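Architecture and fold: a report
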Amino acid sequence: MHIAGATVLLTGVTGGIGGALAAELSARGADLILTGRRREALDPIAARLGARTILADLADPGDVLRLASEAAGTQILIANAALPSSGDVLDYTPEQIDRAISVNLRAPAVLARLLAEDMVTAKQGHICFVGSLSGIAATKSSSMYTATKFGLRGFSLSFRQDLHGTGVGVSIVQPGFVRELGMFANTGSPTPGGVRTVAPERVVKGVMRAIERDVAEINVAPFELRLLTKIASHFPGFSERVQRLAGAEQTMDVIVAAQRSSR
Ligand SMILES: NC(=O)c1ccc[n+]([C@@H]2O[C@H](COP(=O)([O-])OP(=O)(O)OC[C@H]3O[C@@H](n4cnc5c(N)ncnc54)[C@H](OP(=O)(O)O)[C@@H]3O)[C@@H](O)[C@H]2O)c1
């Protein structure tokens, strides 16, 4: 799918990776529709990039429906917004569990379902989800994040098969720990086990490549983390022991404390 000239709906634009994606899409000549839940953060970005905006809280099912309706005719959906949803699930209220699922899984699925209809009619379009390596391997203190990202990966890979032959592609791009900006960098914490981070530009490149070449899944992380993730997906019990031996728990505690207010 060509990005230049295409109408692109991007969620999570007020966040680190979303901001970087918006700048790249604008530079490539996309006709941008930016959505976020905070007018004061959304408007300056849109003004800078000459983009249209739609205010929507993705935790609110009514807002998600209105967003899809106001963004009808979108040719490329990039579902990037998410909550960090870290922490022991015993510390979560049922409302916080609902919000994690709503923002990270339900909203991307509903937007994809509603916007895909016009894309199928037009026989062209692309849906790109921003997932995480947490959609492949489980780590401690991330039950809700892991659950939603596993779910998003399953939805993406299966929906892609449903749309095969329609001209509409579906991709998922799954970063590891991103440095400099975004939900991990904002915590100021080192990575669990000291694993290497990835530059945000690599994530942006991954999303562009997924859309332009219709790639099913792109994992964006240093080689060793991609390998460890694959091993962990096959041998979760082994991975759990390795993570404990690497002392990942103490670092996770720092990350969870920094992200607690965003549940
Ligand atoms: N950063 C990393 O290391 C990393 C690693 C792997 C995967 N990812 C994935 O990359 C994507 C972007 O993450 P990021 O690092 O850029 O995170 P971020 O800086 O925290 O940005 C998250 C974005 O989601 C938006 N959002 C949260 N709740 C929302 C709601 N109820 N309604 C509308 N928007 C909402 C936020 O809006 P507000 O500004 O209003 O809060 C923000 O724009 C996510 O899918 C994340 O899971 C990130």
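Okay, so let's go over this structure. Just so it is clear, the structure is predicted and the values come from calculations on it, not from any experiment.

Surrounding the ligand, one finds 27 residues, the nearest of these being G12, G15, A82, G182 and F184. A per-element tally of the shell around the ligand places helix α1 (residues 16-27) first, with 3 residues. Tallied by class, the residues present in the shell around the ligand amount to 15 nonpolar, 9 polar and 3 charged.

Counting residues in hydrophobic clusters, the biggest one holds 70 residues, and the most contacted among them are V8 and L10. With 9 residues, the single largest contributor to this core is helix α4 (residues 94-122).

On to unusual backbone geometry. One non-glycine residue, K123, lies in positive phi territory at about 60 degrees. Note that K123 resides in the loop between α4 and β5 (125-130). Classification of K123 by C-beta neighbours within 10 Å gives exposed; the count is 10. Of note, the phi angle at S141 is positive, near 55 degrees, even though the residue is not glycine. Note on placement: S141 falls in the loop between β5 and α5 (143-162).

Further remarks concern the sheet that holds strand β7 (residues 217-220). One open sheet accounts for 7 strands, arranged β3-β2-β1-β4-β5-β6-β7; its pairing is parallel. This sheet does not close on itself; its edge strands, each paired only once, are β3 (52-55) and β7. Neighbouring strand axes in the sheet, compared pairwise and without regard to direction, differ in orientation by 15 degrees on average. Relative to β5, strand β4 (residues 76-79) is paired through 4 bridges, and the arrangement is parallel. Residue pairing across strands places I76 opposite H126, the latter belonging to β5.

Further remarks concern the environment of V173. Here V173 is to be found in strand β6 (residues 168-175). By the C-beta count within 10 Å, which is 27 here, V173 ends up buried. Once residues within four sequence positions are removed from consideration, V173 is found in contact with C128, V130, G131, V203, G206, V207, A210, I218 and V220.

Here is what the cut-offs are and how they apply
Residues numbered from 1 in each chain as written. Predicted model: local features only at pLDDT ≥ 70, side-chain atom pairs only at ≥ 80, totals over all residues. Near = placed C-beta within 6 Å. Helix = DSSP H or I, 4+ residues; strand = E, 2+ residues; numbered from the N terminus. Nonpolar A, V, L, I, M, F, W, Y, C, P; charged D, E, K, R; others polar. Core = buried A, V, L, I, M, F, W, Y, C linked by C-beta atoms within 7 Å. Buried ≥ 20, exposed ≤ 12 C-beta atoms within 10 Å, placed from the backbone. Pairing = 2+ DSSP bridges. Axes fitted to C-alpha atoms, helices over the stretch in contact; angles between N-to-C directions. Contact = placed C-beta atoms within 7 Å.

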